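# Topology and contacts: notes
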Amino acid sequence: MKILLVGSGGREHALALGLHADAACTSLHVAPGNPGIAEFALCHPVDISNNAEIVALAQEIAADLVVIGPEVPLVNGVADDLRRLKIPVFGPSKAAAQLEGSKTFAKEVMSDAGVPTAHSFTCITHAEYENALDTFGAPYVVKDDGLAGGKGVVVTHNREDALDHAIACKRVVIEEFLVGPEVSLFGISDGTSILAMQPAQDFKRAGNNDEGLNTGGMGAYSPLPWAPSDIIDDTYKQVLAPMIAEMNARGTPFVGLLYAGLALTDHGVRVIEFNVRFGDPETQVLIPLLKTPLASLLFKAATSGLADEVLEWRDDSAVTVVLAAEGYPSAPKSGAVISTFPSIENVQIFHAGTTQTDQGLVASGGRVLTVTGIGSDLTEARDRAYRAISQISLPGSFYRSDIAFNASVAEKGN
Ligand code: AMP
Ligand code: GLY
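Here the residue index of a chain counts from 1 through its sequence in written order. As a convention, the first chain written is A and the first ligand written is 1, with the rest following in written order. The model is predicted, so local features are restricted to residues of pLDDT at least 70 and side-chain atom pairs to those at 80 or more, both for listing and for counting; the totals for chains, interfaces and linings are taken over all residues. Hydrogens and waters are ignored; side-chain quantities use all the structure's heavy atoms.

### Some details on the sheet that holds strand β18 (residues 317-324)
Test applied: For two strands to be treated as a pair, DSSP must find no fewer than two bridges joining them. The secondary structure listing takes helices from DSSP runs of H or I that are at least 4 residues long and strands from runs of E that are at least 2 residues long, numbered from the N terminus. Residues count as neighbours in contact if any of their non-hydrogen atoms are within 4.5 Å of one another. Lines fitted to C-alpha atoms define the axes here, with helix axes fitted over just the stretch in contact, and angles between the N-to-C directions of these axes take values from 0 to 180 degrees.
With respect to topology, five strands assemble into an open sheet ordered β12-β15-β18-β22-β19, the strand pairing being antiparallel. The outermost strands of the open sheet, each flanked by one partner alone, are β12 (201-202) and β19 (347-351). One ladder, built from eight bridges, connects β18 with strand β22 (residues 367-375); its direction is antiparallel. Residue T320 lies in a different strand from β22, and its bridge partner there is T372. Along the sheet, helix α12 (residues 378-390) contacts β15 (219-222), β18, β19 and β22; its crossing angle with β18, the most-contacted strand, is approximately 25°.

Spelled out as structure tokens, the structure:
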């Protein structure tokens, strides 16, 4: 099977390794890819915000399967363009991608499907903003209705800041603040069936103890020793299955990865958000733990073949830590040279924002590398990830030192 993977981040590097490891994948092409992926797959310089370029490449290589990593091409409808040409695609249609593209749409579908989420109002006028803020009280949660590259959500005790964010975004969803730990739980769907993956947790703030600015994600781990034992079944029944049934009933089946961002509240599980693609960096811990061959799995999802499939997992733990460039997330500096690159057993280093130049490998993005350690428990996985990341030399770079720390302590208490 010839596979085209679209994207260039750490998530795509992890997906590419998973696809490549499956013997069913006879050739792997990536658009545009990155220097880490180029070590074992064919990378093509493609502008992935341009659907026509992706479609032309899929035709040129006669792809049997196209896997879309990031949300932008999905919201642009590239999956529809490919399906019109009868090319199997892992990734939702433009209509189904609105679950990530519009918070209001996601709320409507959840409401129709009976999926538990925060109470909310969609607001466009000043009076509506004020009314919604005062209905829920502090802390205020104000979300840009559209795609905002991780910058759309403000959670604050300051009513003026909340109001300013609403004014800046114009159309916003204002909602109840949910109290409880956050979990990322992904489902792989063929449009009718959906398979729940094991949960992961990511760390969104730039600094230790969840301080500092919101980022794309600074680290992640899986599994979650502290989570309720029925979390997968519960999320399948309350969230994933009803969403897939509702999208089907609307005539816009969801094929691809449904990312449920959950809060585990005292009243049960609540959806914070949906994304329509694999999470980054959660993918960098989930794919190394997944035993089920990835290429065949995603092909079955793309071709209505998941009904009898089950996922198999390694009985191990994984922890990933993001190495970020100086100034990330507000003003990341590019161009610093990555001079040492450790090779440690049970560690995988994924490229996220790197470029190969005459000076060698240099940082070219905010999140530069993602370093995953694998071990028999979180403590061992964590030790390996941190041992490796501490040996990488990149001037000005930084990383959080507390990824999976609390969970590794909780694990020992079990
Ligand atoms: P998002 O960009 O939707 O993932 O939101 C960013 C972060 O804002 C989430 O990871 C949560 O930590 C926080 N957040 C979003 N919605 C809520 C909510 N209703 N209650 C509490 N925190 C929230
Ligand atoms: N890790 C958060 C995301 O992928 O959106």
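Let us keep going from here.
### Considerations on a nonpolar patch on the surface
Test applied: Nonpolar side chains (Val, Leu, Ile, Met, Phe, Trp, Tyr) are joined into patches within 5 Å and like charges within 9 Å, using only residues with over 30% relative accessible area and no salt bridge. We get accessible surface area from the Shrake-Rupley algorithm with a probe of 1.4 Å; when it comes to residues, only the shown protein chains can shield them. By salt bridge we mean one thing: a side-chain nitrogen of Lys or Arg within 4 Å of a carboxyl oxygen of Asp or Glu.
Taken together, the side chains of V153, V155, F177 and V179 make up a nonpolar region of the molecular surface, amounting to roughly 320 Å² of accessible area. In this fold, F177 is placed in the loop between β9 (172-175) and β10 (182-190).

### So, the site of ligand 2
We apply this condition: One heavy atom within 4 Å of a molecule or strand makes the whole residue count as near it. In the analysis that follows, any N or O atom pair within 3.5 Å is treated as a polar contact, provided that within protein one partner can donate a hydrogen and the other can accept it, and provided that, for residues neighboring in sequence, both atoms belong to side chains. Three categories are distinguished: nonpolar for Ala, Val, Leu, Ile, Met, Phe, Trp, Tyr, Cys and Pro, charged for Asp, Glu, Lys and Arg, and polar for the others, with Gly belonging to the last.
Near ligand 2 you find D202, G216, Y259, N275, R277, G279, D280, P281 and E282, and these make up its full shell. Separating an oxygen atom of ligand 2 from a side-chain N or O atom of R277 is a distance of 2.8 Å. In this structure, D280 approaches ligand 2 through a main-chain N or O atom, which is 2.9 Å from an oxygen atom. Its free accessible area being 200 Å², ligand 2 has 89% of it covered by the protein chains. Residue composition of the shell around ligand 2, grouped by class: two nonpolar, three polar and four charged.

### Some remarks on the sheet that holds strand β5 (residues 89-90)
Ordered by their spatial adjacency, five strands build an open sheet running β3-β2-β1-β4-β5, and the pairing between neighbours is parallel. Since the sheet does not close on itself, it has two edges, and those belong to β3 (42-43) and β5, each with one partner. Lying over the sheet, helix α1 (residues 10-21) contacts β1 (2-7) and β2 (27-32), oriented at roughly 170° with respect to β1. Sitting on the sheet, helix α2 (residues 51-60) touches β1, β2 and β4 (65-68), and the angle it makes with β1 is about 160°.

### Some words on the packing of α12 against helix α13 (residues 405-413)
The N-to-C vectors of α12 and α13 enclose an angle of 145°; their axes lie 9 Å apart at closest approach. Counted together, L378, T379 and R382 of α12 and F405, A407, S408, E411 and K412 of α13 form the full contact between these two elements. Of the residues contributing to the contact of α12 with α13, the split by class is three nonpolar, two polar and three charged.

### Considerations on the environment of A14
Rule in force here: Residue exposure (1.4 Å probe, protein chains only): buried if accessible area is under 20% of the type maximum, exposed if over 50%, otherwise partly exposed.
Tracing the sequence through the fold places A14 in helix α1. A14 sits in the buried class, given a relative accessible area of 1%. Along the sequence, A14 and I349 sit 335 residues apart, while their C-alpha atoms lie 9.2 Å from each other. Apart from residues lying up to four places away in sequence, A14 is in contact with T283, Q284, I287 and F350.

### Comments concerning the site of ligand 1
Around ligand 1, the structure places 14 residues, and the nearest of them are E175, E176, L178, E182 and E273. With respect to ligand 1, the side chain of K143 contributes an N or O atom lying 3.0 Å from a nitrogen atom. A distance of 3.1 Å separates an oxygen atom of ligand 1 from a polar atom in the side chain of K204. For ligand 1, the protein covers 88% of the area, taking 480 Å² as the surface of the free molecule.

### Description of the pairing of strand β16 (residues 255-265)
Remark: a regular strand shows side chains that alternate across the two faces of the sheet. Counting buried residues along β16, eleven of its eleven residues qualify, which places the element largely inside the surrounding structure. The pairing of β10 with β16 spans nine bridges and is antiparallel. Bridge assignment links G187 to a residue of β16, and that residue is L258. Taken together, the seven bridges between β16 and strand β17 (residues 268-275) define a ladder with antiparallel strand orientation. Residue pairing in the sheet places A260 in a bridge with F274 of β17.

### Overview of the pattern of salt bridges
Applying the stated criterion across every chain, the model contains 20 salt bridges. For the salt bridge of R277 with E71, the shortest nitrogen-to-oxygen distance reads 3.2 Å. Taken together, the positions of R277 in the loop between β17 and α10 (283-289) and E71 in helix α3 (residues 71-75) put the pair 206 residues apart, joining distant regions of the chain. Each member of the pair, R277 together with E71, is buried. A salt bridge links D280 to R367, with the shortest nitrogen-to-oxygen separation between them at 3.9 Å. Here D280 is found in the loop between β17 and α10, whereas its partner R367 is found in strand β22, with 87 residues between them in sequence. Of the two residues, D280 and R367, both sit in the buried class. Among the charged side chains, a network of salt bridges with common partners joins E71, E100 and R277.

### Describing the packing of aromatic side chains
Each aromatic ring pair is described using two quantities: the centre-to-centre distance and the angle formed by the ring planes. Here is the rule: A pair of aromatic rings is counted whenever rings of Phe, Tyr or Trp (Trp by its six-membered ring) have centres within 6.5 Å, and the orientation is called stacked for planes under 30 degrees apart, edge-to-face for over 60 and tilted otherwise.
Counted by the stated rule, this structure contains six aromatic pairs. Considering the side-chain rings of F121 and F136, the 5.6 Å spacing of their centres and the 35° angle between planes classify their relative orientation as tilted. Of this pair, F121 sits in strand β6 (residues 120-123) while F136 is found in helix α7 (residues 126-136), placing the two residues 15 residues apart along the sequence. Exposure remark for F121: the relative accessible area of 36% places this residue in the partly exposed category. Following the ring pairs from residue to residue traces out a cluster consisting of F90, F186, Y259 and F278.

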